[in-house]
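Tertiary structure, described
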Amino acid sequence: MSRSEKVSFQGSTGELLSGIVDVPEGPVKGWGVFSHGFTLGKDSPSASRLCKALADNGVGMLRFDNLGLGESAGLWSEGSFSHKVADTVKAAEFMRDSGRPVSLLVGHSFGGAAVLAAAREIPELDAVATVGAPFSPKHVAHVFDAALDRILSEGSAEVDLGGKRVEIRRHFVEDLENADLTDCIRRLGKPLLVLHSPTDNTVGIENASTIFQTARHPRSFVSLEGSDHLLTAKGQAARAGKIISAWADQYLDATS
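Residues numbered from 1 in each chain as written. Predicted model: local features only at pLDDT ≥ 70, side-chain atom pairs only at ≥ 80, totals over all residues. Heavy atoms only, no water.

Some words on the packing of aromatic side chains
Enumeration according to the criterion identifies nine aromatic pairs in this entry. Arranged with centres 5.4 Å apart and planes meeting at 55°, the rings of Phe 81 and Phe 110 form a pair that is tilted. In this pair, Phe 81 is assigned in helix 2 (residues 81-97) and Phe 110 in helix 3 (residues 110-118), connecting sequence segments 29 residues apart. The pair formed by Phe 81 and Phe 110 is uniform in burial state, with each residue classed as buried. Aromatic ring contacts, followed pair by pair, group Phe 38, Trp 76, Phe 81, Phe 110, Phe 144 and Phe 172 into a single cluster. Over the ring of Trp 31 we find Arg 100, and its NZ or CZ is 4.6 Å from the ring centre. (Phe/Tyr/Trp six-rings, centres within 6.5 Å; stacked < 30°, edge-to-face > 60°. Helix = DSSP H or I, 4+ residues; strand = E, 2+ residues; numbered from the N terminus. Buried < 20%, exposed > 50% of the residue type's maximum accessible area, 1.4 Å probe, protein only. Lys NZ or Arg CZ within 6 Å of the ring centre and 35° of its normal.)

If you want it as structure tokens, here you go:
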């Protein structure tokens, strides 16, 4: 079994971000950073279960709340996809400074897009895995589509995201429009594992196909048969964590 260690570090905006490091009890094969979905946070089932499964299999993982979410300081509405990417890099820097250099990046959903963009900023990185990730960050805009005109004309709007009221500002939308992962994926230069459910109704399976086709070898694809997008059903997130751990073994062992 792994143990959880509470940490905090300064994000790209200067605000203090709250995190948890899931530490393996036995030998450590490597350290990683996990980037959560759109407004999910470090304590969401997908984040905690997946990271604990990785830690139980020897890969220590830092999961953290993005700006203004969970226990992190700041306002979520002041962030953007670019901030999410920059904070993922900051998380890796924090781990490096703690004597735990990051070998693995794992991102779920919107966080999957973020790790693809952040990877080239982390020199010690050995491998990247995405779970239910969109090929284009602006895919997330569909969840606030009804408010898009108001956001652009008035500068911001409050929207309901799964029962959570959040403010979305114009700069967030504009930042999404400018985000293009094609070059990041093509020039990743690291082994990539793409995990996706063929029945994902939030981010369609075609996103996985496009990411995989854009990437260069070594690249792998695993179908998360029967999983939902949020990996909430029993065993789904843990299964993804075990798959990532088994795949990453060949890359982490070479450097540990």
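Quick notes on the nonpolar core
Phe 81, Leu 105, Phe 144 and Ile 168 are the most contacted members of the largest nonpolar core, which totals 55 residues. Looking at this core, the element that brings in the most residues is helix 3, giving seven residues. With near-sequence residues (within four places) excluded, Ile 168 lies in contact with Trp 76, Phe 144, Ile 151, Gly 155, Ser 156, Ala 157, Val 159 and Val 173. (Core = buried A, V, L, I, M, F, W, Y, C linked by side-chain atoms within 4.5 Å. Contact = heavy atoms within 4.5 Å.)

Thoughts on the pattern of salt bridges
The final tally for this structure, using the stated rule, is 16 salt bridges. Ionic pairing is found between Lys 6 and Glu 71, a salt bridge with its closest N-O pair at 3.1 Å. Of this pair, Lys 6 sits in strand 1 (residues 3-10) while Glu 71 sits in the loop between strand 4 (59-64) and helix 2, and the two are 65 residues apart along the sequence. On the basis of relative accessible area, Glu 71 is assigned to the partly exposed category, the value being 46%. In this structure, the salt-bridge partner of Glu 167 is Arg 169, at a minimum N-O distance of 3.4 Å. What makes Glu 167 partly exposed here is its relative accessible area of 28%. (Salt bridge = Lys/Arg side-chain N within 4 Å of Asp/Glu carboxyl O.)

Details of the pairing of strand 9 (residues 192-196)
Taken across its five residues, strand 9 has five buried, putting it largely inside the fold. Across five bridges, the pairing between strand 9 and strand 10 (residues 219-223) is parallel. Of the residues in strand 10, the one forming a bridge with His 196 is Ser 223. One crossover worth recording links strand 9 to the parallel strand 10 by way of helix 7 (residues 205-214), and it is right-handed. (Pairing = 2+ DSSP bridges. Right-handed = clockwise from strand over helix to strand, strands pointing away.)

Notes on the sheet that holds strand 2 (residues 16-23)
Overall, mixed pairing links the eight strands, which are arranged 1-2-4-3-5-6-9-10 in an open sheet. Edge positions in the open sheet fall to strand 1 and strand 10, since each of these has one partner strand only. Direction aside, the axes of adjacent strands within the sheet are offset by 20° on average. Pairing of strand 5 (residues 102-108) with strand 6 (residues 127-131), which is carried by five bridges, proceeds in the parallel orientation. Along strand 6, the bridge assignment pairs Leu 104 with Ala 127. The strands touched by helix 1 (residues 45-56) within the sheet are strand 1, strand 2, strand 3 (30-35), strand 4, strand 5 and strand 6, with strand 4 carrying the most contacts at an inclination of about 160°. (Axes fitted to C-alpha atoms, helices over the stretch in contact; angles between N-to-C directions.)

Here we look at empty space enclosed by the protein
Taken as a whole and judged by the stated rule, the model has two cavities of 30 Å³ or more. Volume-wise, the largest cavity comes out at about 120 Å³. Forming the boundary of the largest cavity are 14 residues, of which Asn 66, Trp 76, Gly 79, Ser 80 and Lys 84 lie nearest the centre. The greatest single-element share of the lining of the largest cavity, amounting to four residues, is contributed by helix 2. Its residues assigned to classes, the lining of the largest cavity comprises seven nonpolar, five polar and two charged. When grouped by side-chain class, the residues that make up the lining of the second largest cavity number three nonpolar, six polar and two charged. (1 Å grid on protein atoms, 1.4 Å probe; cavity = no way out; pocket = protein on both sides within 12 Å on 5 of 7 lines; lining within 4 Å. Points joined across faces, edges and corners; volume = space filled by probe spheres on them. Nonpolar A, V, L, I, M, F, W, Y, C, P; charged D, E, K, R; others polar.)

Such coordinate-based values are descriptive only and should not be taken to indicate function.
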